[in-house]
Amino acid sequence: MPRAHANGIDLEWEEFGNADDPPLLLIMGLGGQMIVWDEEFCALVASHGFRVIRFDNRDVGLSTKIEGGPEPDLLAAFTGDTSSASYTLDDMADDAAGLLDATGIAAAHVVGASMGGMIAQTLAIRHPDKVQTLTSIMSTTGALDVGQPDPAAIPLLLKPPPLDRAGYIEHSVDSSRVLTSPGFRSTRRALASARPGLSTGASTPPAWDDSCWRSWPRATAHPRYARFTCPPSSSTVRATRSSRRAGGRRRPRPCPAPACS
Amino acid sequence: MIPGMGHDLPREAWDTIVDAIVELVATTREPV
C-alpha cells in the first residue's frame, strides 16, 4: 500500500476504482484501521463512479505513531479537562487535508464514521475548499446533549485493548457485540464467525497501542457549525451504540447563505 | 469481515449509506 507524507507525518493509504473518477475520502473512527472499511464496501462505493481512498489515521495501523506527550486521561477528558490530549481533531483533519494534497486531489467527497465523522466535520470547517460533500455516519457533533454513548458502551470505550494481536482480535470481537446495534444480527453473526479466521489468517498488525488514546478529541465541531460551507449529509442508521442516533440528527442546515446557491 | 470495535458498517446498511452519499453528490451544487 502507498504511504503519503502529510502534515508532518506518514499516512498509509489505499485506493479503489478508477483514478479519473471523482475522489471520495473515507475516514475511519477511533482506533479503527482503514481495513475496517470493508473492501467490498469500498468496491460498492467505487462502482457508483468514485475513486475511493481509505487510510490509517495517525496512531493507527501502519501510519505514524505519535511518541511522547502526556499520559492521556480519558476520565478527565469526559469531564471537560482535555489538557492531557497530545493532539486534537484539528490535527487529524489537517492530516486528511495533507493526504489529499499529497495525492494530488484538490477536493473530495468526504465520508467519516464515528470519530471519523468528527474528523470529517472538522475538515469541512478548517478546509472547506477541500470538501465537496460531507457524509457523517454514526457520529456526532461534539454537543454534550446529543450523540453520547450508550451507558453499556462507555466501559468498553474507556478500556484500552490488549496490545498483542490475538488479544486485540478477541477484545475487538467481544466489544463489537456490545457496540454493534442489536438491530443488525448478521453483523454479530459475522463477527462471531470471523474470530477463528482472524486469529490465524489476518495479515494486519494490531491496530492499537497506548498512543492510540491520544486521538481522543479535544476540540469539538459543535460551536463551529455556522462555518460550514458545503452541504452536509448524515446517515443515522442505528449501526452502533458508541454514539446515539441523535448525534446524527443534530446537524447544521445545509448551504448557509451566501456561501452556496 | 474485520472486527473494528463497533465501527463495522452492517452489510444491511451499505445500500442505505451508499444511496445517501450518491444522492448527496447528485444534488450538490458548486458554491457561488
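Calculation notes
Residues numbered from 1 in each chain as written. Chains lettered and ligands numbered in written order. Predicted model: local features only at pLDDT ≥ 70, side-chain atom pairs only at ≥ 80, totals over all residues. Heavy atoms only, no water. Helix = DSSP H or I, 4+ residues; strand = E, 2+ residues; numbered from the N terminus. Buried < 20%, exposed > 50% of the residue type's maximum accessible area, 1.4 Å probe, protein only. Expected span 1.5 Å × (residues − 1). Salt bridge = Lys/Arg side-chain N within 4 Å of Asp/Glu carboxyl O. Arc of directions from axis to C-beta. Contact = heavy atoms within 4.5 Å. Polar contact = N/O pair within 3.5 Å; in protein donor to acceptor, adjacent residues only side chain to side chain. pLDDT = per-residue confidence, 0-100.

A. Structural view of the overall build of chain A. Scanning chain A from terminus to terminus reveals eight helices and seven strands. Here chain A, with 261 residues, has 58% of them falling under the buried criterion.

B. The arrangement of helix 6 (residues 165–179) of chain A in detail. If you check helix 6 of chain A, its first and last C-alpha atoms are 20 Å apart, about what 15 residues at 1.5 Å a residue would give, namely 21 Å. Of the residues making up helix 6 of chain A, those classed as buried are A:Gly167, A:Tyr168, A:Ile169, A:His171, A:Ser172, A:Val173, A:Ser175, A:Ser176 and A:Leu179.

C. Spotlight on the pattern of salt bridges. Residue and element names in this part refer to chain A. Summed over all chains, the structure comprises ten salt bridges over all chains. As a salt-bridge pair, glutamate 14 and arginine 54 come within 2.6 Å of each other at their nearest N and O atoms. Separated by 40 residues along the polypeptide, glutamate 14 in strand 2 (residues 9–16) and arginine 54 in strand 4 (residues 51–55) bring together distant segments of the chain. Arginine 58 is paired through a salt bridge with aspartate 95; the nearest N and O atoms lie 2.6 Å apart. With arginine 58 in the loop between strand 4 and helix 2 (74–78) and aspartate 95 in helix 3 (residues 89–102), the pair connects residues that are 37 residues apart, well separated along the chain. Note on arginine 58: relative accessible area 7%, which makes it buried.

D. Seen up close, helix 1 (residues 39–46) of chain A. Turning to helix 1 of chain A, its buried residues are A:Phe41, A:Cys42, A:Val45 and A:Ala46. Along the long axis of helix 1 of chain A, the arc covered by the buried residues comes to 140°, so they all point the same way. Residues of helix 1 of chain A that are buried sit in contact with strand 2, strand 3 (23–27) and strand 4 of chain A together with helix 1 (11–27) of chain B. By the N-cap criterion, in which a side-chain oxygen at the helix start approaches the backbone nitrogen of a residue two or three places on, helix 1 of chain A is capped by A:Asp38, the distance to A:Glu40 being 2.8 Å.

E. The environment of A:Asp10, seen in detail. Residues and elements named next belong to chain A. One can find aspartate 10 in strand 2. Separated by 48 residues in the primary sequence, aspartate 10 and arginine 58 place their C-alpha atoms 8.0 Å from one another. In this structure, aspartate 10 is in contact with Arg3, Ala4, His5, Ser63 and Thr64, ignoring residues within four places of it in sequence.

F. Spatial organisation of the confidence of the model for chain B. On average, residues of chain B score 78 in pLDDT, and 69% of them are at 70 or above. Scored by ipTM, the complex comes to 0.88, with pTM at 0.77.

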